[in-house]
Amino acid sequence: MIPSDPSAPAIRLRGVSLGYDDALVVDELDLDVPLGGTTVLIGANGSGKTTLLRGLTRQLPLRSGSMSVLGRDTAGWSPREFARTVALLPQAPVAPEGMTVEQLVDRGRHPHRRLLGGRRADDTEAVAGALERTGMVEFAERRLSELSGGQRQRAWLALVLAQSAPVMLLDEPTSYLDLAHQLDLMDLVRDLPDPRDPSRRATVVMVLHELNLAARVADHVVAVHGGRVAAQGTPSQVLVPEVLADVFGLDADVTPDPLLGHPVVMPRSVADRRTGRITPLERAASAG
Amino acid sequence: MSVVSLHAPAPDGDFHPPEPVGAEARAVVTRLRRRAGRRVVVVVLGLALLLLALMAVRILLGRYTVTVGDFVAILGGTQIPGASFIVLEEKLPRAVIGALAGLGLGAAGGMFRRSLRNPLASPDVLGMTHGAAAFAVGALAFGQLRGIQMAAAALLGGLAATAVVLWFSAGTRRDTRARGIGGDRFIVAGIAVAALAQAVVAGAMLSLSLHDLQTAAIWTAGSLNAASWERITMLGVALLVLLPVAGWIHWAMAPVDLGADLAHGLGTRPAPLVLGALVTGAALAAVATAATGPLAFVALMSSPIALGLTRGRFSLPTTALCGACLVVLADFVGAELLGVTLPTGVLTGAAGAPLMLWLLLTNSRRGNT
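Predicted, not measured: the structure shown is a model, and the values here were computed from it.

Before going further, it helps to examine the overall build of chain B. Helix and strand content of chain B: 14 helices and 0 strands. Each helix and strand of chain B, ordered N terminal to C terminal, gives the series α-α-α-α-α-α-α-α-α-α-α-α-α-α. Looking at the 369 residues of chain B, the share that counts as buried comes to 48%. At a minimum sequence separation of 6, the contacts of chain B that also span at least 24 residues come to 77%.

Here we take up the nonpolar core. Formed by 190 residues in total, the largest nonpolar core has its most connected members in A:Leu131, B:Ala136 and B:Val328. Here the element with the most residues in this core is helix α3 (residues 83-116) of chain B; it accounts for 15 residues.

Residue and element names in this part refer to chain B. With their axes 6 Å apart at the nearest point, α3 and helix α13 (residues 316-337) run at an angle of 140 degrees to one another. When the axes of α3 and α13 are compared, the pair comes out oblique. As α3 packs across α13, the resulting crossing turns out to be right-handed. For the pair formed by α3 and α13, the contact residues are Arg94, Ala95, Gly98, Ala99, Ala101, Gly102, Leu103, Leu105, Gly106, Ala107, Gly109 and Gly110 on the first element and Leu316, Thr319, Ala320, Leu321, Cys322, Gly323, Ala324, Cys325, Leu326, Val327, Val328 and Asp331 on the second. Residue classes in the contact of α3 with α13 are distributed as 15 nonpolar, 7 polar and 2 charged.

On to the sheet that holds strand β10 (residues 203-207) of chain A. Residues and elements named next belong to chain A. The 6 strands are arranged β6-β7-β10-β3-β11-β12 in an open sheet whose pairing can be described as mixed. Edge positions in the sheet fall to β6 (86-89) and β12 (228-233), since each has one partner strand and no second. Each strand axis lies, on average, 20 degrees off the axis of its neighbour in the sheet, ignoring direction. In this sheet, β12 lies alongside strand β11 (residues 220-225) in antiparallel orientation, the contact comprising 5 bridges. The residue of β12 that forms the bridge with Val224 is Val229.

This part takes up unusual backbone geometry. For A:Ser164, which is not a glycine, the phi torsion comes out positive at approximately 55 degrees. For B:Arg311, which is not glycine, the phi torsion reads 55 degrees and is therefore positive. For B:Arg311, the position within the fold is in the loop between α12 (298-309) and α13.

Conventions used here
- Residues numbered from 1 in each chain as written.
- Chains lettered and ligands numbered in written order.
- Predicted model: local features only at pLDDT ≥ 70, side-chain atom pairs only at ≥ 80, totals over all residues.
- Helix = DSSP H or I, 4+ residues; strand = E, 2+ residues; numbered from the N terminus.
- Buried ≥ 20, exposed ≤ 12 C-beta atoms within 10 Å, placed from the backbone.
- Contact = placed C-beta atoms within 7 Å.
- Core = buried A, V, L, I, M, F, W, Y, C linked by C-beta atoms within 7 Å.
- Axes fitted to C-alpha atoms, helices over the stretch in contact; angles between N-to-C directions.
- Parallel < 35°, antiparallel > 145°, perpendicular 65-115°, else oblique.
- Left-handed = near helix turned anticlockwise from the far one by under 90°.
- Nonpolar A, V, L, I, M, F, W, Y, C, P; charged D, E, K, R; others polar.
- Pairing = 2+ DSSP bridges.

Laid out in structure tokens, this is it:
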């Protein structure tokens with residue numbers, strides 16, 4: 001196991017630049033991802049969120065700057081050692097045809113296998129635990145292609161859980177899910193334990209497009225704009241009209257959720273502001 | 001112990017540490033793994049026995065039958081007039097070289113199938129065997145090279161075709177390079193090289209003498225006629241080197257099945273692995289082709305048959321053994337069962353072409369590329 005410094009953030013980036021060929025997408029970015037809990041990256045299309053995530057998985061090499069995970073500089077980590085610490089669920093992943101849920105989840109154990117090694121008892125334990133936590137035990141034998149969208153996304157999450165990494169990166173895990181399944185998945189993600197210390201929550205970094213979902217699930221929100229961190233803090237600190245205007249060019253009102261207290265973003269168009277219209281339905285509701 | 005970190009979330013009262021893994025989940029996973037592991041073992045053992053049976057049929061039966069007793073005696077060194085020569089110089093070498101070439105082609109198909117994630121990706125569709133044929137016929141036409149020298153030219157041709165295809169398909173942008181060789185680009189480049197190589201073969205054939213034309217025609221159709229202990233030794237040594245390398249790469253590629261992003265996430269470097277798989281696969285196909293001539297579609301057919309037998313689990317020994325069984329069977333049918341003697345490659349081609357069409361149809365119906 002990698003010795004980790006408990007007072008260090010889960011991930012620390014200092015002066016990190018990332019890009020493709022001539023295009024610099026992330027420019028001299030500093031970021032601390034707190035240890036434990038859910039950090040959500042938000043930002044407009046092309047703001048550099050996905051590039052940043054690629055940098056966090058070391059899929060893109062750092063152009064400059066440094067990255068440390070659990071207090072240790074990541075330069076010189078072997079890919080397999082890194083994969084035992086940081087897991088990734090990419091956007092819209094594709095499994096080979098005919099693959100069953102159990103076969104998929106089993107792939108999560110690859111970074112733990114020895115050269116040409118077979119399966120061991122801790123592999124069984126991790127796969128069983130991941131299936132159980134995601135509620136997929138009864139679907140273990142089923143092919144992925146036979147599952148509903150919500151079940152399939154749970155199977156992919158189980159793959160990431162089987163990897164037993166204390167830091168998990170999820171790239172838009174709720175795309176293609178309906179609202180009920182989005183909430184379902186987010187509640188599951190929120191309750192994930194740290195595999196190295198199950199008494200505390202795992203560190204999850206997610207890219208989310210849906211701001212109200214982000215506000216509901218996040219402990220910490222990082223708004224990315226132009227390859228830099230534009231704002232970060234709790235959902236109530238970041239999801240304010242000024243930040244939304246800067247980062248998304250979005251005019252919005254923000255109000256606390258009456259039950260849970262997290263901010264709720266209500267986007268406004270120019271026409272909304274001009275007319276201040278209330279729909280016939282709302283008028284009927286306020287009259288009744 | 002207080003955890004001091006920037007913006008640490010407030011301790012969450014809702015969070016409960018997880019329960020230990022339940023017995024039911026553990027039982028389900030244990031049962032599924034035992035079953036899957038058993039299945040692959042049974043399939044590999046079954047195919048190995050089938051291969052031995054097919055080789056026995058090839059050696060003992062046919063127009064000239066040999067009794068088991070005579071065969072054992074001949075292997076023990078007893079000279080039986082006529083039978084000794086036919087067994088040691090004809091039937092046994094054919095069966096052995098067929099099995100070895102089939103193992104190489106099957107393994108090559110397995111490497112291409114897994115690394116390119118496409119059922120149509122196979123060295124005999126993507127120009128490797130065509131390149132080998134072009135160099136072999138070219139060597140005969142322009143260099144007057146025959147026999148082993150022609151085989152060496154074939155090996156060189158297979159590797160040259162691979163190099164050209166890789167060079168065309170490797171992206172120039174850093175992003176594409178980091179993500180690995182694009183499957184589609186590789187396939188389009190392969191088809192172009194295959195077409196070019198076929199044109200070279202056709203052109204070179206025109207300048208051959210009548211005698212050499214026959215040699216070239218038999219060689220390009222893929223035949224085990226040239227089986228000799230010298231070729232068997234060379235192919236055997238090449239396979240002894242290449243198959244373990246292929247086995248390791250095939251194992252290490254397991255995360256690549258899930259795409260480049262997840263392969264990275266699971267701690268592999270997909271680009272060098274895929275490159276290694278393609279080079280090893282092409283070398284396997286090239287050494288097999290150098291020994292026997294191109295045996296059409298053996299590599300292409302082996303992987304879907306193997307995947308069917310293992311229920312979708314990639315297994316290199318299974319794919320290799322499927323290739324070996326196909327070649328030995330095709331050689332027996334072509335040489336002994338039909339009224340005319342047909343080169344082995346003609347039969348494998350006849351069996352493989354409908355399969356390729358079926359793969360094309362099912363593949364496009366699913367909307368994959």
